[in-house]
Amino acid sequence: MFTIANGIILKGQDLVPVRENIVVEDGRIIEISKDANEGKIIDVGGSVVCPSFINGHVHIGDSIIKDEGYGLTLSEMVKPPNGVKHVALSKASDDELIGAMKDSMWDMVYSGTTHFIDYREGGIEGVKLLREASKDIPIKPIILGRDDSFYGDDPDLGKVKTAIRKLLKVADGIAPSGFGEITSEVADLIVEECNRQDKISSIHVGESESNQIESLNTYGVSEIGKGIKSDFNQLVHLTNPKSDDLTSVAKSNQNVVVCPRANATLNVGVAPLNRMLDLGIRPLIGTDNVMLNSPNMLRELEFTLKLMSVYYKNYINPVDLLKMATTNICAFNINKIVQKSVIMENNFAEFIVYKSFSKNPYLNLCNRVETKNILYIINKKVSI
């Protein structure tokens, strides 16, 4: 048992700042109050105590090719099966992949992340490799698998059904790349089986303007519209919405993830976060491909804070931004799989103690803090 004392705690789902103490026993928060002082006392002297991060969208497998292919188009980099990423993955040994993924997971741990949602290539074996790589690391991967049988203009739907069932025995859900690679029949099968088994279905939509135009020209509906109609639990990117796309998303109760640094690296646009927030959408935020960016959420937050300000000529509320990396996940039913905790009594102890540089705790985290300013990482698996 120990007590984190004299910190400014960002408490609950709304990250309300309170100056209270936190008592932790056996990996759970058993008391939050001004007078709590049981066990070992750890005086953090006015530092900020924030829920640990969830990285809402990662491709950790391409950790083996950091910064390769810089300057190529989106399709040249990541479109299956011939993108730079997929070619590299097909040539890498299991030991190479595991080693690179371990390094990236430790990067996440030491920068305050305890959970990440991964789009995992390689079918069942790809999922098993990430399970193996993560087993001794204090972080929880939520692994969304995919299978090569999904792709093509005329897939064998019998094989697709079998692949989905087998994948869901080892994965937390399924995530095909995008609607440019799968048919509507495959999308429906994925969503139906994930819903039946209470698992996550996710897909990239509206990442590039060209993908949106192609979808409109071919199907008469945008990729985002297709994602809504197919009822995937989680829609990733939405960088280039059309007409009423965002209004429809706001009504759909689907989880949204944005990846601003990846979008910038691939030169595909800027996610309209201010508009999303105005409509009541509460997205997650992710670092996307490790080949493009470090999986450090502090870097993602600072970049996004300033990008939104300069691009949309309007400040984004830093508390809304910080929620994207911490507590927004709690508003969605997929959190029963993710199991991300907030700072409340009886919850798992999953929080970070950061050095404080300013009177604004939200800007302190989004604008000031670096990895070296983390004083303690408290995780139900380990304390660092």
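Here's a quick rundown of the structure. A quick note: this is a predicted structure, and the numbers were derived from the prediction, not measured.

Some details on the packing of helix α12 (residues 297–312) against helix α15 (residues 361–368)
In the contact formed by α12 and α15, the axes pass within 7 Å of each other and the chain directions differ by 105°. In this view, α12 runs roughly perpendicular relative to α15, as classed from their interaxial angle. Across the interface between the two elements, Leu298, Leu301, Glu302, Leu305 and Lys306 from α12 touch Leu363, Leu365, Cys366 and Asn367 from α15. Classifying every residue of the contact of α12 with α15 by side-chain character gives 6 nonpolar, 1 polar and 2 charged.

A look at a negative patch on the surface
Where like charges cluster on the molecular surface, the negative patch consists of Asp94, Asp95, Glu96 and Glu125. The greatest single-element share of the negative patch, amounting to 3 residues, is contributed by helix α3 (residues 94–110). With respect to the helices and strands, Glu96 occurs in helix α3.

Overview of the pairing of strand β8 (residues 140–145)
Extensive coverage of β8 is indicated by the burial of 5 of its 6 residues. Pairing of strand β7 (residues 113–119) with β8, which is carried by 5 bridges, proceeds in the parallel orientation. Within β8, the residue paired with His115 across the bridge is Lys140. Pairing of β8 with strand β9 (residues 173–174) involves 2 bridges; the strand directions are parallel. Paired with Gly145 across the bridge in β9 is Ile174.

Considering unusual backbone geometry
Residues apart from glycine generally show negative phi values, whereas peptide bonds are mostly found in trans. Within the chain, Ser243 stands out as a residue other than glycine whose phi angle is a positive 35°. Mapped onto the secondary structure, Ser243 falls in the loop between β11 (234–237) and α9 (245–252). Its identity is not glycine, yet Asn346 carries a phi of approximately 80°, on the positive side. Within the element layout of this structure, Asn346 appears in the loop between α14 (335–338) and β15 (351–354). Overall, the relative accessible area of 57% leaves Asn346 in the exposed class.

Remarks on the packing of aromatic side chains
Enumeration over the complete set of coordinates arrives at 4 aromatic pairs. Taken together, a centroid distance of 6.4 Å and an interplanar angle of 40° make the contact between Phe53 and Tyr354 tilted. Separated by 301 residues along the polypeptide, Phe53 in strand β6 (residues 53–59) and Tyr354 in strand β15 bring together distant segments of the chain. Arranged with centres 6.0 Å apart and planes meeting at 85°, the rings of Phe179 and Phe232 form a pair that is edge-to-face. Here Phe179 is found in the loop between β9 and α6 (184–196), whereas its partner Phe232 is found in the loop between α8 (223–230) and β11, with 53 residues between them in sequence. In this structure, Arg28 is placed above the aromatic ring of Phe348, and the distance from its NZ or CZ to the ring centre is 4.2 Å. The ring of Tyr219 carries the charged tip of Lys226 above its face, separated from the ring centre by 3.4 Å.

Digging into a nonpolar patch on the surface
Residues Val310, Tyr311 and Tyr312 make up a contiguous nonpolar surface patch of roughly 300 Å² in combined accessible area. Within the secondary structure layout, Tyr312 lies in helix α12. Given a relative accessible area of 31%, Tyr312 falls into the partly exposed group.

A few points about the state of the cysteines
Within this structure, the stated rule accounts for 0 disulfides. Between Cys259, a free cysteine, and Cys366, which holds the nearest cysteine sulfur, the sulfur-to-sulfur gap is 16 Å. No disulfide involves Cys330; its sulfur sits 12 Å from the nearest other cysteine sulfur, which is in Cys50.

Things to note about the sheet that holds β7
Spatial ordering of the open sheet is given by β13-β12-β11-β10-β9-β8-β7-β6-β14, a layout of 9 strands whose pairing is parallel. In the strand order of this sheet, the two ends are held by β13 (284–285) and β14 (288–289), each with one partner. Alignment of strand β10 (residues 200–205) against β11, held across 4 bridges, turns out to be parallel. What sits directly across from Ser202, in β11, is Gln234.

Regarding a positive patch on the surface
A surface patch of positive charge is lined by Lys161, Arg165, Lys166 and Lys169. Relative to the elements of secondary structure, Arg165 occurs in helix α5 (residues 157–167).

Some points on the environment of Glu96
For Glu96, a relative accessible area of 48% corresponds to the partly exposed category. Each C-alpha atom of the pair Glu96 and Gly61 lies 10.0 Å from the other, and the pair is 35 residues apart in sequence. Residue contacts for Glu96: discarding those within four places in its chain leaves Ile64 and Lys91.

Cut-offs and rules
- Residues numbered from 1 in each chain as written.
- Predicted model: local features only at pLDDT ≥ 70, side-chain atom pairs only at ≥ 80, totals over all residues.
- Heavy atoms only, no water.
- Axes fitted to C-alpha atoms, helices over the stretch in contact; angles between N-to-C directions.
- Helix = DSSP H or I, 4+ residues; strand = E, 2+ residues; numbered from the N terminus.
- Parallel < 35°, antiparallel > 145°, perpendicular 65-115°, else oblique.
- Contact = heavy atoms within 4.5 Å.
- Nonpolar A, V, L, I, M, F, W, Y, C, P; charged D, E, K, R; others polar.
- Patch = residues over 30% accessible without salt bridge, like charges linked within 9 Å, V, L, I, M, F, W, Y side chains within 5 Å.
- Areas by Shrake-Rupley, 256 points an atom, 1.4 Å probe, with all protein chains shown as cover.
- Salt bridge = Lys/Arg side-chain N within 4 Å of Asp/Glu carboxyl O.
- Lys, Arg positive; Asp, Glu negative; His and termini not counted.
- Charge placed at Lys NZ, Arg CZ, Asp CG, Glu CD.
- Buried < 20%, exposed > 50% of the residue type's maximum accessible area, 1.4 Å probe, protein only.
- Pairing = 2+ DSSP bridges.
- Phe/Tyr/Trp six-rings, centres within 6.5 Å; stacked < 30°, edge-to-face > 60°.
- Lys NZ or Arg CZ within 6 Å of the ring centre and 35° of its normal.
- Disulfide = S-S within 2.5 Å.

By themselves, these figures tell us nothing about what the structure is for.
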